Amino acid sequence: MNATKKVAFYTLGCKLNFSETSTIARNFKDEGFSRVDFSEKADIYVINTCSVTENADKRFKTIVKKAQNVNPDAFVAAVGCYAQLKPEELADVHGVDLVLGATEKFKITDYINDLSKNDFGEVHSCEIDEADFYVGSYSIGDRTRAFLKVQDGCDYKCTYCTIPLARGISRSDTLGNVLKNAAEISEKGIKEIVLTGVNIGDYGKGEFGNKKHEHTFFELCEALDEVSGIERLRISSIEPNLLKNETIDFVADSNTFVPHFHIPLQSGSNDLLKLMRRRYMSELYVDRVKRIKKVMPHACIGVDVIVGFPGETEERFLETYQFLNELDISYLHVFTYSERDNTPAAEMDGVVPMKIRKKRSKMLRGLSAKKRRAFYESQLDSTRTVLFEGENKKGYIHGFTENYVKVKAPWNPELVNTLHTIQLTEIAEDGLMRFEFVNEKAIAS
């Protein structure tokens, strides 16, 4: 291939998608392509799609149009979850040349030999039960942290979710390969690794093409804790029923795992949890939060919650609201329920009008702001470690403490990708935390 060919990427959705885009980008680099920003002229534009975000098809069309405005002759490829679920729909979008499903996305460079525009989108997708092999990936770029994929797919059958249809069965990377990728990340001078997957607490399953767990998630944590050069390890999101006491206690004593957990709840009503086919009741969730706070009082706990699920009466919504209000958590990620094709929930009775879904969503977002503020206030005057990011945001540099408090200071390029001990002093008007350096007066001035 001609070494001057240029490729650009656009990623929608989750951290896992970002890690996979990075791996696909490295494959292009190996084929002699140079990577440019999506806003620049490229020979090929690759869009990594997501099925979870609302209006996924509208977003996709807008992004395709963006690419065509920059270069009408460019080759446009769609990969990812939406490409697996609705390949024909994406192929019908004007300007799309290639759509690759779950098993094909990592082989994209095999499909683009001539880069000539197609009259209509070419689809290569599989039946999702063929997605039974594992491709490891991790993302690096201008970030101070890397997203390291350790697991893919999901065996849970939550009634609202298309991810098992888009990504297939639960399967994992081998422990050896995860450690190899972590060492590669460390060698690049990156200080923080975020562990990602679809259901990472299920790690170990399918590692050898079957359901036998050769290693557990806890053993994965133990092994990663030994990787030299990595200052921080963060667990991205873990199901409450898979977050065991041994893992919580290990994080509390670990040098590198940080006191930050993101635990999906989805509803505080046990009736709704049953309708959603979640694998726990609200009592277990309370137990997990209490356990974390007992061994790490300063831990940050984030919560996913869905509003407007079928059968969510006013009473059940208020049950969720009160449940979250009384829980010692730090912030919420609020998702307004939207119907998905081929899911049991889309056929359920008790549909909540969109106007009410939006109103409830707004109430929970208000609660999240209150929770975050209270958590930040609880951290005032404490001494923490901050890792600074690489971007100049309107004259400020931002960073996160180990327990996920976001801080800001006047821009100083020398701080990028460095760790410092700080004391949290006040909450600024924009809600971010100001601080003073501890024993580093020279930098602070």
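What you see is a predicted model, and the numbers here were worked out from it, not measured in a lab.

Colleague: What exactly am I supposed to notice about the pattern of salt bridges here?
Modeller: Any two side chains of opposite charge can pair, given that their charged atoms come close. Evaluated as defined, the whole model comprises 22 salt bridges. Linking Arg171 and Asp152 is a salt bridge whose minimum nitrogen-to-oxygen distance equals 3.7 Å. Placement of the pair is Arg171 in strand β10 (residues 171-172) and Asp152 in strand β9 (residues 151-152), with a sequence separation of 19 residues. Both residues of the pair, Arg171 and Asp152, count as buried. Among the ionic pairs, Glu192 bridges to Arg232, the shortest N-O distance being 3.3 Å. With Glu192 in strand β11 (residues 192-196) and Arg232 in strand β12 (residues 232-235), this residue pair connects regions lying 40 residues apart in the sequence. For Glu192, a relative accessible area of 0% puts it in the buried group. Looking at Arg232, the relative accessible area reads 4%, which means it is buried.

Colleague: Just to check I follow, could you spell out the pairing of strand β15 (residues 331-336) for this structure?
Modeller: For a regular strand, the rule is simple: side chains alternate between the two faces of the sheet. Bridge analysis of strand β14 (residues 300-307) against β15 gives 6 bridges, and the strand direction is parallel. Of the residues in β15, the one forming a bridge with Asp304 is His333. Crossover handedness for the path β14 to helix α11 (residues 314-326) to β15: right-handed.

Colleague: What is the right way to look at the side chain of Asp304 in this model?
Modeller: Among the secondary structure elements, Asp304 is positioned in strand β14. One buried charged residue, Asp304, remains without a salt bridge, the closest side chain of opposite sign being Arg278 at 7.3 Å. Residues contacting Asp304, with those up to four places away along its chain left out, are Ser237, His262, Ile263, Pro264, Leu265, Gln266, His333 and Phe335.

Colleague: Is there a simple way to think about the nonpolar core in this case?
Modeller: Generally speaking, nonpolar side chains in soluble globular proteins are found buried as a group. Counting 52 residues, the largest nonpolar core has Leu195, Leu324 and Leu364 as its most contacted members. Not counting residues within four places of it along the chain, the set of residues in contact with Leu324 comprises Leu265, Val303, Val305, Ile329, Leu332, Leu364, Leu367 and Lys371. In terms of nonpolar packing, the next biggest core, distinct from the first, is built from 23 residues, Tyr45, Ile63, Val76 and Val96 among them.

Colleague: Which parts of the structure should I look at to understand the sheet that holds β11?
Modeller: Across the sheet, which stays open at both edges, the 4 strands sit in the order β7-β8-β11-β12 with mixed pairing between neighbours. Edge strands, defined here as strands with exactly one partner in the open sheet, are β7 (138-139) and β12. Here strand β8 (residues 145-149) runs beside β11; their pairing, made up of 5 bridges, is parallel. Residue pairing for β11: Lys149 is matched across the bridge by Thr196.

Colleague: Teacher, can you tell me more about the packing of helix α8 (residues 245-253) against helix α10 (residues 282-295) here?
Modeller: Packed helices, taken two at a time, are described by the angle between their axes plus the distance between the axes. For the pair α8 and α10, the least separation of the axes is 9 Å and the interaxial angle reads 25°. With respect to their mutual orientation, α8 and α10 come out roughly parallel. When the axes of α8 and α10 are compared, the crossing they make is right-handed. Every residue of α10 that contacts α8 at Asn245, Ile248, Asp249 and Ala252 is listed here: Arg288, Arg291, Ile292 and Val295. When the residues that make up the contact of α8 with α10 are grouped by side-chain class, the tally is 4 nonpolar, 1 polar and 3 charged.

Colleague: Just checking my understanding: could you explain α10 for this structure?
Modeller: Within an α-helix, residues lying three or four positions from one another point in the same direction, as the helix has 3.6 residues per turn. The terminal C-alpha atoms of α10, which comprises 14 residues, lie 21 Å apart, in line with the 20 Å expected from a rise of 1.5 Å per residue. When α10 is considered as a whole, its buried residues turn out to be Ser282, Tyr285, Arg288, Val289, Ile292 and Lys293. Down the axis of α10, the buried set is contained in an arc of 125°. They therefore lie on one face. Across from the buried face of α10, at angles greater than 90 degrees, the exposed residues are Glu283, Lys290 and Lys294.

Colleague: Please explain the side chain of His260 as it appears in this structure.
Modeller: With respect to the helices and strands, the residue His260 is situated in strand β13 (residues 260-266). Residue classification places His260 among the buried positions, given a relative accessible area of 5%. At 3.0 Å, the side chain of His260 forms a polar contact with the side chain of Arg234. At 3.0 Å, the side chain of His260 and the side chain of Tyr331 are in polar contact. What His260 contacts, discounting residues up to four positions off in sequence, is Arg234, Ile235, Cys300, Tyr331, Glu402 and Tyr404.

Cut-offs used in this document
Residues take numbers from 1 onward in each chain, read along the sequence in its written order. Totals for whole chains, interfaces and linings use every residue, but because this is a predicted model, local features are given only for residues with pLDDT of at least 70 and side-chain atom pairs only at 80 or more, for both listing and counting. The basis for every side-chain value is the complete set of non-hydrogen atoms in the structure, without hydrogens or water. Criterion for a salt bridge: a side-chain nitrogen of Lys or Arg within 4 Å of a carboxyl oxygen of Asp or Glu. Numbered from the N terminus, helices here are DSSP runs of H or I no shorter than four residues, and strands are runs of E no shorter than two. Only protein chains enter the area calculation, which uses a 1.4 Å probe; residues under 20% of their type maximum are buried, those over 50% are exposed, and those in between are partly exposed. A pair of strands is labelled paired if DSSP reports no fewer than 2 bridges between them. Viewed with both strands pointing away, a crossover whose connecting path from the first strand over the helix to the second turns clockwise is right-handed. Counting rule for charge: Lys and Arg are taken as positive, Asp and Glu as negative, and neither His nor the chain ends is counted. Only heavy atoms matter for contacts: two residues are in contact if any of them lie within 4.5 Å across the pair. We define the nonpolar core as a collection of buried residues of types Ala, Val, Leu, Ile, Met, Phe, Trp, Tyr and Cys that are connected through side-chain atoms lying within 4.5 Å of one another. To obtain an axis, a line is fitted to C-alpha atoms, over the contacting stretch when the element is a helix, and the angle between two such axes runs from 0 to 180 degrees between their N-to-C directions. Put simply, angles under 35 degrees are roughly parallel, angles over 145 are roughly antiparallel, angles from 65 to 115 are roughly perpendicular, and the rest are oblique. If you view the pair so one helix is near and one far, a crossing is left-handed when the near helix is turned anticlockwise from the far one by less than a right angle, and right-handed when it is turned clockwise. Put simply, Ala, Val, Leu, Ile, Met, Phe, Trp, Tyr, Cys and Pro go in the nonpolar bin, Asp, Glu, Lys and Arg in the charged bin, and everything else, Gly too, in the polar bin. The span you would expect from a helix comes to 1.5 Å times its residue count less one. By construction, the arc corresponds to the directions joining the helix axis to the C-beta atoms. By the criterion applied in these results, polar contacts are pairs of N or O atoms within 3.5 Å in which, for protein atoms, one can donate a hydrogen and the other can accept it, and in which residues neighboring in sequence qualify only through two side-chain atoms.

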